[in-house]
Amino acid sequence: MDEDVFRQISAIKQDQKNNIYISAANSIYQIDKELNTPQLVFHNPDFGITDFLFDENNNIWISSNNGGLMYFNISERTSKRFLSNATDNKSLGDNNITDIVLVDNSKLWIATYGGGVNLLDTKNQEIKRYTTGDNYSDFIIFIYADLNNNIWICDLKGLRRYDNESDTFVRIHSVNAAKDLVEELPSKILQDKQGNYWTINSPGGVGLRYQSKGISIYDKNPEKFWHTISNNIVKIAFNDDDVCWVGNGNDGIDVFDFKNKRHHVYHSNLNDPGSLGRGAVCCLYNDSQKRMWVGTNLGGLQCYDPVNDKVITYINDPQDSLSISNNDIRGIQEDADGNFWIITHGKGIDYFNYKEQKFYNYNFAENGLSNDWSFQLLLDSDENLWVATPSG
């Protein structure tokens, strides 16, 4: 292959199987993982590729400069082309396509250079045009779907955002009450994982719009609905329903169910075997089965049972070598088989076989652990266990 071709790369993408693809000039190549070489997948000498993406079936939507839009079925090696037709307002607005984005595997948003924004329903393959009649606004240079699938476009006059209620694109001015942008004429817009928007501006560099945040304080002030039973907070964890568990260093846990506006409090109660264990909450862990595990420094290991609103407790039994080795629990980690590694402070590490309900201890004297007073553990992506101790 001509090495000069790779000087014209327009896009790099991954398919549904995490294979890497590169578009260069009028071709698309898949990178062979073993040989680290490009293998030709698609070629059309009639146009240059500007962008491409994969749908749920791992087939490719391809945009081009002056060649319209093409759908390529990889397995069948067939293609279908979509072109502009001046007499058909349900065709592409222009054959020069700068960018495409797919939302919900059914809405292909198309940025054309001169024909506005087009929306292709991939199920019935109908096209709808969004044009303004303003030449500058109909020259779209970038289109983007944010974390909430809001559609943003950059045109020759600035930035616009799709408004679902009015079914139009609304202009976002450089300076307004909401401070949407800090620079004019963005050529691209992106959103980070914290919800902040970044713009690339020409001229003007990079702009940033922070989402409204600030700091909310949760303390033991009873005048607040969301208040804690103690100001001595030591552990925080969220379950899969975004319910917040807050453990304190005295005795108890606050559970904030923000969605349902509920606040639960759990204390230890020596007369109730289904209550929280005694002492400070030293660890909270949400496992793959949506169970919240709690470790305290006096009350052993506990698993919360949401059906019966109680906890199942595992404590040391000196007469049972397969019980948990200590009641001072400092860390929990689940492995790929649904079993658990547990820090039992002063006794090393326990392996808890959940199906058998048995604990197996690993310590300094018998297994070569560097120190029995471990304070952190981690399972890496290869299921290797890393343990942090005062001795390394």
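Use the structure listed above.
Residues numbered from 1 in each chain as written. Predicted model: local features only at pLDDT ≥ 70, side-chain atom pairs only at ≥ 80, totals over all residues. Heavy atoms only, no water.

Caption draft 1: Looking closely at the overall build of the chain. A tally of regular secondary structure across the chain gives one helix and 33 strands. Relative to the 2.2 N^0.38 estimate, which gives 21 Å for 392 residues, the radius of gyration of the chain is 29 Å and therefore markedly larger than a compact globule would have. Reported as C-alpha extents along the three principal axes, the dimensions of the chain are approximately 85 × 60 × 40 Å. Burial statistics for the chain: of 392 residues in total, 45% are counted as buried. A separation of at least 24 residues holds for 35% of the contacts in the chain among residues at least 6 apart in sequence. If you sum the accessible surface of the chain, you get close to 21,800 Å²; carbon and sulfur atoms cover 47% of it. (Helix = DSSP H or I, 4+ residues; strand = E, 2+ residues; numbered from the N terminus. Rg over C-alpha atoms; globule rule 2.2 N^0.38 Å. Buried < 20%, exposed > 50% of the residue type's maximum accessible area, 1.4 Å probe, protein only. Contact = heavy atoms within 4.5 Å. Areas by Shrake-Rupley, 256 points an atom, 1.4 Å probe, with all protein chains shown as cover.)

Caption draft 2: The pairing of strand 30 (residues 348-353), seen in detail. Of all six residues making up strand 30, six are buried, and the element is well covered by its neighbours. Adjacent in sequence and paired antiparallel, strand 29 (residues 340-344) and strand 30 are bridged by three residues, among which glycine 346 carries a positive phi angle near 90°. In terms of strand pairing, strand 30 meets strand 31 (residues 358-362) through five bridges, oriented antiparallel. Across the sheet, the residue bridging to aspartate 350 is asparagine 361, located in strand 31. Taking the residues between adjacent antiparallel strands as the criterion, strand 30 and strand 31 are bridged by four residues, where glutamine 357 takes a positive phi near 60°. (Pairing = 2+ DSSP bridges.)

Caption draft 3: Quick peek at the packing of aromatic side chains. One pass over the structure, following the stated rule, counts 32 aromatic pairs. A centroid spacing of 6.3 Å and a plane angle of 15° characterise the contact between phenylalanine 142 and tyrosine 144, whose relative ring orientation is stacked. What links up through ring pairs into an aromatic cluster is the set Trp293, Tyr314, Phe340, Phe352, Tyr354 and Phe359. Seen from the ring of phenylalanine 52, lysine 13 lies directly overhead, with NZ or CZ sitting 5.4 Å from the centre. (Phe/Tyr/Trp six-rings, centres within 6.5 Å; stacked < 30°, edge-to-face > 60°. Lys NZ or Arg CZ within 6 Å of the ring centre and 35° of its normal.)

Caption draft 4: Structural view of the side chain of threonine 228. Note that threonine 228 resides in the loop between strand 19 (205-209) and strand 20 (233-238). Owing to a relative accessible area of 2%, threonine 228 belongs among the buried residues under this scheme. At 3.5 Å, the side chain of threonine 228 and the backbone nitrogen of lysine 220 are in polar contact. Once residues within four sequence positions are removed from consideration, threonine 228 is found in contact with Tyr218, Asp219, Lys220, Ile233, Asp254 and Phe256. (Polar contact = N/O pair within 3.5 Å; in protein donor to acceptor, adjacent residues only side chain to side chain.)

Caption draft 5: Highlighting a nonpolar patch on the surface. A cluster of nonpolar side chains, namely Tyr113, Tyr136, Ile141 and Leu156, defines an oily patch on the protein surface of about 350 Å² accessible area. Residue classification places isoleucine 141 among the partly exposed residues on the basis of a relative accessible area of 32%. (Patch = residues over 30% accessible without salt bridge, like charges linked within 9 Å, V, L, I, M, F, W, Y side chains within 5 Å. Salt bridge = Lys/Arg side-chain N within 4 Å of Asp/Glu carboxyl O.)

Caption draft 6: Unusual backbone geometry, seen in detail. In this structure, asparagine 58 takes a positive phi of about 70° despite not being glycine. The exposure class assigned to asparagine 58 is buried, which follows from its relative accessible area of 15%. A positive phi angle, close to 55°, is found at aspartate 167, a residue other than glycine. The residue aspartate 167 is located in the loop between strand 15 (158-163) and strand 16 (168-172) in this model. According to the relative accessible area criterion, aspartate 167 is partly exposed, its value standing at 24%.

Caption draft 7: The arrangement of the sheet that holds strand 7 (residues 69-73) in detail. Strand order across the open sheet formed by four strands is 5-6-7-8, with antiparallel pairing between neighbours. At either margin of the open sheet sits one strand with a lone partner, and together these are strand 5 (48-54) and strand 8 (78-82). Averaged over all pairs of adjacent strands, the angle between strand axes in this sheet comes to 20°, irrespective of strand direction. (Axes fitted to C-alpha atoms, helices over the stretch in contact; angles between N-to-C directions.)

Caption draft 8: Fine view of the state of the cysteines. Following the criterion strictly, the structure yields zero disulfides and no others. Here cysteine 303 is not cross-linked by a disulfide; its sulfur's nearest cysteine counterpart is in cysteine 283, at 12 Å. Owing to a relative accessible area of 4%, cysteine 303 belongs among the buried residues under this scheme. (Disulfide = S-S within 2.5 Å.)

Read these as layout, nothing more, since geometry by itself doesn't imply function.
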